[in-house]
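Summary of the model geometry
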Amino acid sequence: MKLSVNREALLEACQSAGAALPARAVREVLACFRLDAGGKVPDQLTLTAFDMELGIRQELRGVEVIRGGSVLVPANQLTQVLRESRAETVELEAIPGQETVTLRCGGGSSSAARFELPQRPVEEFPELPEGSEPQQCVAEGLAEQFREMIRRTLFAIPKKDVVDRYAFKGLLWEVSGAGEGTAPSSRPLRLVATDGKRLALSETTLQIRGGDGTRLHPLVPSRAMTLLERVLTHDGEVVQAHLGVNDVRFLTERAMIYTTLVQGRFPPYRDILEKAEKSAKIKISLPLDEFLAAVRQIRVMTDEESRRVDMSFRAGGVTLEGRGTATGSGHVELPLPDFAGPAIRIAFDPDFLIEYLNIARGENAALSLELTAADKPALFRCGEGWIYLVMPMLVEPQAR
C-alpha cells in the first residue's frame, strides 16, 4: 500500500476513532487502526477501530492512492505523530513482507520527517459487525438533530461506575408508538440519561420506520454516544440510527458506528417525571448568564464536604449562599423582577447546575425553574423538548 493524504483530515479521523480504542487492550491488535485503500472507490481511505464492543469505520475521500492494500498500525503512535507534525500532507507506504509501515511527513520547502511504525498482520484484526438483522427500528434525521440531543443528555450519565439495581451507564433511546409497515412516519424520539440524582431528557420528531415504543428501549453506552457526537460535525448530513435488541448501528454519509448495548433495566423515569410536572406550582423565570455566574461564585466558597448552594427565593429576587470549613462563605443577591412568590428555600449540588447551565447557554432560549417543595424534584427547562430534573439537597435551617 502507498498513498498520500491530507494530514489534518487523517488526524481528525484518528482522533474520532480513538474513542473506540480500549482503555487496556487485552489483544495488541485492538489498540491498532486498520487502514484500507484501493477498493471500489479509487480515491478513498477507510480507517477502522474496534474493541469487540464498540467500533467505527470512517471514509476519507480525495486521497491519492498510488498502490492499494491494507495495513494495521498502532493507533496511539500514528495519532501522536500526526498531531505533532506541521506537514500539509503525509505519505504512508507498506511493503509486503516488511515489519514496519513508513510514514513520511513534509518535504520539499518544509522540514521532512520519516517514521517507521510497527505493523501487525491484518488478518488478526476482528471484523466489524454490520449489526443484527432484522433491525427493529430505524430513526433518520440530520446530524445537528442527533448532536443536539446527545449534548443535552449525555452529561447526566454518571462519570464513575455505579453499583445499583438499575443500569445508569447507558443512554436510553425510546421510540414512541408503533410503525405501520415499512414506510417511515414522523414520530417522537427520546434520549434520556440519569445518574439517580438527576435526569436529562431530550425529545424531537424524526422520520422513523418500524419499532414499538412499548418494547424497544435500547441502552446505548456513553462511549458510543461520545464517539457519535465526535463524528457529527457536518450540519445537514443525513444520519440513520438502526436500533436493535442486542446492538445498534449509526450510519452517516462518511462513517458507520457499531456498538453492543448496556445490559440491565433503565429506571422507571416516566412516573417520577410526570409527578414532578403535575405537582410543580412555583414557576420562576431566571436570567441564564447571571444565574450561572452566581452559582459559580458560590461554588468557589464551598469545599468537598459542603458542596451545596442554598437558594432563598422571595418576591423580586433570590439569595444564593454557600460556605466551607476552610473556604469561608459567600452570599449573592440576584434580582428577579418578574417573580411574585411564594417564598421557598431549596438547595442543590452546584456542579449539577453548572454542568447543565453551561450547555443551556448554547440554546439561545429562556431558562425557567419549576418547584414544588424544598424536598421535591426541581425541573429546569430551556429550549423546546428539553427537561432537566434535579433532586434537591437537604435544606439546612437558617441561622438566627
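Criteria and thresholds
- Per-chain numbering applies: the sequence of each chain, read as written, is numbered from 1 onward.
- Predicted model: local features are reported for residues with pLDDT of at least 70 only, side-chain atom pairs are reported and counted for 80 or more only, and whole-chain, interface and lining totals are derived from all residues.
- Based on all heavy atoms of the structure, the side-chain values leave hydrogens and waters out of the count.
- Within this scheme, the nonpolar core is defined by two criteria: the residues are buried Ala, Val, Leu, Ile, Met, Phe, Trp, Tyr or Cys, and they are joined through side-chain atoms within 4.5 Å.
- Partly exposed residues are those whose accessible area sits between 20% and 50% of the maximum for their type, while under 20% is buried and over 50% is exposed, using a 1.4 Å probe and protein chains only.
- Strands are runs of DSSP state E lasting at least 2 residues, helices are runs of H or I lasting at least 4, and numbering of each runs from the N terminus.
- Any two residues whose heavy atoms approach within 4.5 Å are treated as being in contact.
- Any N or O atom pair separated by 3.5 Å or less is treated as a polar contact, with the protein-specific requirement of one donor-capable and one acceptor-capable atom, and with residues adjacent in sequence counted only for side-chain atom pairs.
- Any two strands between which DSSP finds at least two bridges are classified as paired.
- Axis lines are fitted through C-alpha atoms, for helices just across the contact stretch, and the angle between N-to-C directions can take any value from 0 to 180 degrees.
- To sort the angles, those under 35 degrees are grouped as roughly parallel, those over 145 as roughly antiparallel, those from 65 to 115 as roughly perpendicular, and the leftovers as oblique.
- Take the far helix as your reference; a near helix turned counterclockwise from it by less than a right angle gives a left-handed crossing, and one turned clockwise gives a right-handed crossing.
- Three residue categories are used. Nonpolar comprises Ala, Val, Leu, Ile, Met, Phe, Trp, Tyr, Cys and Pro, charged comprises Asp, Glu, Lys and Arg, and polar comprises the others, including Gly.
- The arc in question is the one spanned by the directions pointing from the helix axis to the C-beta atoms.

**Digging into the nonpolar core**
Counting residues in each nonpolar core, the largest one holds 105 residues, and the members touching the most others are W173, F291, M311, F313 and L320. The greatest single-element share of this core, amounting to 7 residues, is contributed by helix 7 (residues 350-360). If we skip the residues at most four places from it in the chain, F291 touches L286, M311, L320, L334, L353, L357, L367 and F380. Counting residues in each nonpolar core, the second largest holds 13 residues, with L172, L219, A276 and I387 among its members.

**Let's talk about the side chain of D310**
On the secondary structure map, D310 appears in strand 19 (residues 309-314). With a relative accessible area of 4%, D310 lands in the buried category. Within the structure, the side chain of D310 is placed 2.9 Å from the side chain of R308, a separation counted as a polar contact.

**Section: the sheet that holds strand 8 (residues 100-106)**
Pairing in this open sheet of 5 strands is antiparallel, and the strands run 5-1-7-8-9 from one edge to the other. In this open sheet, the two strands that pair with only one neighbour each are strand 5 (64-67) and strand 9 (112-118). For this sheet, the mean angle separating the axes of adjacent strands, direction not counted, is 20°. Two elements, strand 8 and strand 9, share 7 bridges in a ladder whose sense is antiparallel. Across the sheet, L103 pairs through a bridge with F115, a residue of strand 9. Set on the sheet, helix 2 (residues 75-84) makes contact with strand 7 (89-93), strand 8 and strand 9; between it and strand 9 the angle comes to about 170°.

**Observations regarding the environment of R83**
For R83, the position within the fold is in helix 2. By relative accessible area, which is 38% here, R83 ends up partly exposed. On a C-alpha basis, the gap between R83 and E174 in space is 38 Å, while along the polypeptide they are 91 residues apart.

**Observations regarding the sheet that holds strand 21 (residues 328-336)**
Within the open sheet, the 4 strands sit side by side as 21-20-19-22. Their pairing is antiparallel. Two strands in the sheet have a free side with no partner beyond their single neighbour: strand 21 and strand 22 (344-348). Within this sheet the neighbouring strands show an average axis-to-axis angle of 20°, counted without direction. Contacts from helix 6 (residues 288-300) reach strand 19, strand 20 (316-324) and strand 21 within the one sheet, and its direction differs from that of strand 21 by about 170°.

**Description of the packing of helix 1 (residues 7-17) against helix 2**
For the pair helix 1 and helix 2, interaxial distance at closest approach is 9 Å and the crossing angle is 140°. Comparing their axes, helix 2 and helix 1 come out oblique. For the crossing formed where helix 1 meets helix 2, the hand is left-handed. Facing R7, L10, L11, C14 and Q15 of helix 1, the residues of helix 2 in contact are L78, T79, L82 and R83. Taken together, the residues of the contact of helix 1 with helix 2 sort by class into 5 nonpolar, 2 polar and 2 charged.

**Side note on helix 5 (residues 269-279)**
Along helix 5, the residues that are buried comprise Y269, L273 and A276. The arc that holds every buried residue of helix 5, seen down its axis, measures 65°, which confines them to one face. Turned more than 90 degrees from where helix 5 packs its buried face, D271, K275 and K278 sit exposed. Lining the buried residues of helix 5 we find strand 11 (170-175), strand 12 (185-194), strand 13 (198-210), strand 24 (378-382) and strand 25 (386-390).

**Re the side chain of R249**
Here R249 is to be found in strand 16 (residues 247-251). The exposure class assigned to R249 is buried, which follows from its relative accessible area of 10%. Separated by 2.4 Å, the side chain of R249 and the backbone oxygen of E130 make a polar contact.

**Quick look at the packing of helix 6 against helix 7**
It is at 10 Å that the axes of helix 6 and helix 7 come closest, and there the two elements cross at 150°. Taken together, the axis directions place helix 6 and helix 7 in an arrangement best described as roughly antiparallel. At the point where helix 6 passes helix 7, the crossing takes the left-handed sense. Here L288, F291, L292, V295, R296 and R299 of helix 6 lie close against helix 7, whose contacting residues are P350, D351, L353, I354, L357, N358 and A360. Per-class residue counts for the contact of helix 6 with helix 7 are 9 nonpolar, 1 polar and 3 charged.

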